[in-house]
Amino acid sequence: MPAIRSQILEVVRDAYPETFDGLGSSKPLGESVFSGRTPHPNEVLNLFVQQKITSALPMAYYMATRRGLNSLMDGHLPRSATLPPEILRSAMAGLMRLREVELNETHDLIFEPNRSRPCSTSNCPSRTPTGQAALVAYHKVFDRIVCSSQLGTKVLQVPEFYEDRDGELQCVGPGICSGCVERWESGHAELRKKAWLTLPNVFGLKG
Ligand SMILES: [Zn+2]
């Protein structure tokens, strides 16, 4: 039995990493790692709490909350995936906190930095950061990053700043240059790390 337990824990550790570096974008994370029927993330969270797999709890909470309140509180789920009140409370509080950080910091990232140091690339709307073209572009980028997570959160996910237009990769914000996108990418990487470090705290797992 100890051997089986340690094998299972290894699989769990890989899919529910304990460190930020474990969050590789190319490997399967969360409930998709289980073979057979993919369990609901609430079910995994319940199981980890019951089994006291504490090292995996920050990520398990995140996986359950990123789908939003409707998923957390879904009344049609089987008993095993229904969250008891105290877990639901922690999950909702954490989700609200993560959403707040995601919205505020992404907003600052996209809208703020260029004001003091305008882009010098010709034709990039960020040459005039408060101009109409720049604001339209910034709104598009901001919406792309946070809007589809409206009721949940994607704060740990690498955002897509580019889209395919007629076979050519272009920034979601019309005309924005690659230098500006690179600044946003590295800024968002910092935001992901910062958000990751807050997980134990926002979900009340400290102490
Ligand atoms: Zn630029």
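One can find the structure itself at the top, above this paragraph.
Note that residues are indexed from 1 along each chain, following the sequence as it is written. Residues qualify for local features only when their pLDDT is at least 70, as the model is predicted, and side-chain atom pairs are given and counted only at 80 or more; totals for whole chains, interfaces and linings, by contrast, use all residues. With hydrogens and water stripped out, all remaining heavy atoms of the structure feed into the side-chain values.

Student: Please give an account of the pairing of strand β1 (residues 162-165) that cites residues and values.
Tutor: When DSSP finds two or more bridges between two strands, those strands count as paired. Working definition: helices are DSSP H or I runs of at least four residues, strands are E runs of at least two. Numbering for both runs from the N terminus. As paired strands, β1 and strand β2 (residues 168-171) are joined by 4 bridges and run antiparallel to one another. Each residue of the ladder has a partner; that of D164, found in β2, is L169. Where β1 folds back onto β2 in an antiparallel hairpin, the turn is made up of 2 residues, including D166, whose phi is positive at roughly 50 degrees.

Student: Account for the coordination of the zinc ion, naming residues and giving values.
Tutor: Taken together, C119 (SG), C124 (SG), C177 (SG) and C180 (SG) make up the protein donors of the zinc ion, found 2.3 Å from the metal. Donor criterion used throughout: N, O or S atom within 2.8 Å of the metal, extended to 3.2 Å for Na, K and Ca. Water excluded; incomplete-looking sites may result. Under the classification used here, a metal with four donors is tetrahedral if each angle lies between 85 and 135 degrees, square planar if opposite donors are over 155 degrees apart and the others between 65 and 115, a six-donor metal meeting that same test is octahedral, and anything else is irregular. Because the angles between the 4 donor atoms bound to the zinc ion fall within 102 to 113 degrees, the donor set is best described as tetrahedral. Expressed as a motif, the donor residue spacing for the zinc ion is C-x4-C-x52-C-x2-C. Here C124 is found in the loop between α6 (113-116) and α7 (132-146), whereas its partner C177 is found in the loop between β2 and α8 (178-202), with 53 residues between them in sequence. Each residue is assigned to one of three classes by its accessible area relative to the maximum for its type, calculated with a 1.4 Å probe on protein chains only: buried under 20%, partly exposed between the two thresholds, exposed over 50%. C177 sits in the buried class, given a relative accessible area of 11%.

Student: Quick one: what's the story with the environment of A91, residue by residue and with numbers?
Tutor: As for its position among the elements, A91 is in helix α5 (residues 85-111). Residues A91 and A64, 27 residues apart in the sequence, show an inter-C-alpha distance of 7.9 Å. Throughout, a contact is declared for two residues whenever any of their heavy atoms are within 4.5 Å. In this structure A91 touches Y61, T65, L72 and F203, once residues within four positions along its chain are discounted.

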